[in-house]
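What follows is the residue order along each chain.
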Amino acid sequence: MKGGLAIEIIQIVGLGLVATFLALIIKEQKPTFAFMLVVFVGCVIFLFLVDQISDIIRMLEKIAINANVNMVYVETILKIIGIAYIAEFGAQITKDAGQGAIASKIELGGKILILAMAIPILTVIIETVINLIPR
């Protein structure tokens, strides 16, 4: 792990722990404010990671170009990963709010969207395997 990444995780964990302690204290008097604090800190952590996410995307695109992989497939896979992370983030926030049923529906929606986006890739894989089988 790079030195900069180690410091970033320490900052993220530190922010998360401070927010957790504050939320526990505030929750006694103002549960709504405690929840808003948790959501706000979650969004701040996500925004803190945007640079890392964009670096990863650029790196994957370079690898795909060097390997002559169709960019449509790379973009689709990146979208699928994005859907998974966004669905997980939304589900965790709704679980924190005590809405487990809604969280389950968010997770289901994410899974269905992922499946729908994966069908073209699965089709190409199946066609490739079929073409490799001698006739």
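Heads up: the structure comes first, above all this text.
Described below are features of the structure shown in this document. Everything numeric in this text was worked out from a predicted model, so none of it was measured.

This part takes up unusual backbone geometry. The phi dihedral of Asn68 is positive, around 55 degrees, even though this residue is not glycine. Counting through the fold element by element, Asn68 comes out in the loop between α3 (50-66) and α4 (71-96).

Bringing the layout of surface pockets into the picture now. One number sums up the size of the largest pocket: a volume of about 690 Å³. In this structure, the largest pocket is lined by 20 residues; those nearest its centre are Phe46, Leu49, Ile53, Tyr85 and Ile86. Contributions of two or more residues to the lining of the largest pocket are made by α2 (31-48), α3 and α4. A per-element tally of the lining of the largest pocket places α4 first, with 10 residues.

A few words on the side chain of Thr94. Residue position: Thr94 is located in helix α4. According to the relative accessible area criterion, Thr94 is buried, its value standing at 16%. Within the structure, Thr94 has its side chain in polar contact with the backbone oxygen of Ala91 (distance 2.8 Å). Setting aside residues up to four positions removed in sequence, Thr94 forms contacts with Gln99, Gly100, Ile102, Ala103 and Ile106.

The next subject is the pattern of salt bridges. If you walk through the whole model with that rule in mind, you get 2 salt bridges. Measuring nitrogen to oxygen at the nearest pair gives 2.9 Å for the salt bridge that ties Asp55 to Arg58. Residue Asp55 and its partner Arg58 are located together in helix α3, separated by 3 residues, close to a single helical turn. Judged by relative accessible area, Asp55 falls into the partly exposed class, the value being 38%. Residue class for Arg58 comes out partly exposed when judged on its relative accessible area of 46%. With its nearest N and O atoms 3.2 Å apart, the salt bridge here joins Lys95 to Glu107. With Lys95 in helix α4 and Glu107 in helix α5 (residues 100-132), this pair connects stretches of sequence that are 12 residues apart.

What sets the pattern is the α-helix's 3.6 residues per turn: residues three or four places apart point alike. Helix length check: α4 (26 residues) gives 37 Å between terminal C-alpha atoms against 38 Å at 1.5 Å per residue, within 8%. For α4, the complete set of buried residues consists of Val74, Thr76, Leu78, Ile80, Ile83, Ala87, Gly90, Ala91 and Thr94. Of the surrounding secondary structure, the elements contacted by the buried residues of α4 are α3 and α5. In this structure Asn70 caps α4, since a side-chain oxygen of it lies 3.0 Å from the backbone nitrogen of Val72.

Basis of the calculations
- Residues numbered from 1 in each chain as written.
- Predicted model: local features only at pLDDT ≥ 70, side-chain atom pairs only at ≥ 80, totals over all residues.
- Heavy atoms only, no water.
- Helix = DSSP H or I, 4+ residues; strand = E, 2+ residues; numbered from the N terminus.
- 1 Å grid on protein atoms, 1.4 Å probe; cavity = no way out; pocket = protein on both sides within 12 Å on 5 of 7 lines; lining within 4 Å.
- Points joined across faces, edges and corners; volume = space filled by probe spheres on them.
- Buried < 20%, exposed > 50% of the residue type's maximum accessible area, 1.4 Å probe, protein only.
- Polar contact = N/O pair within 3.5 Å; in protein donor to acceptor, adjacent residues only side chain to side chain.
- Contact = heavy atoms within 4.5 Å.
- Salt bridge = Lys/Arg side-chain N within 4 Å of Asp/Glu carboxyl O.
- Expected span 1.5 Å × (residues − 1).

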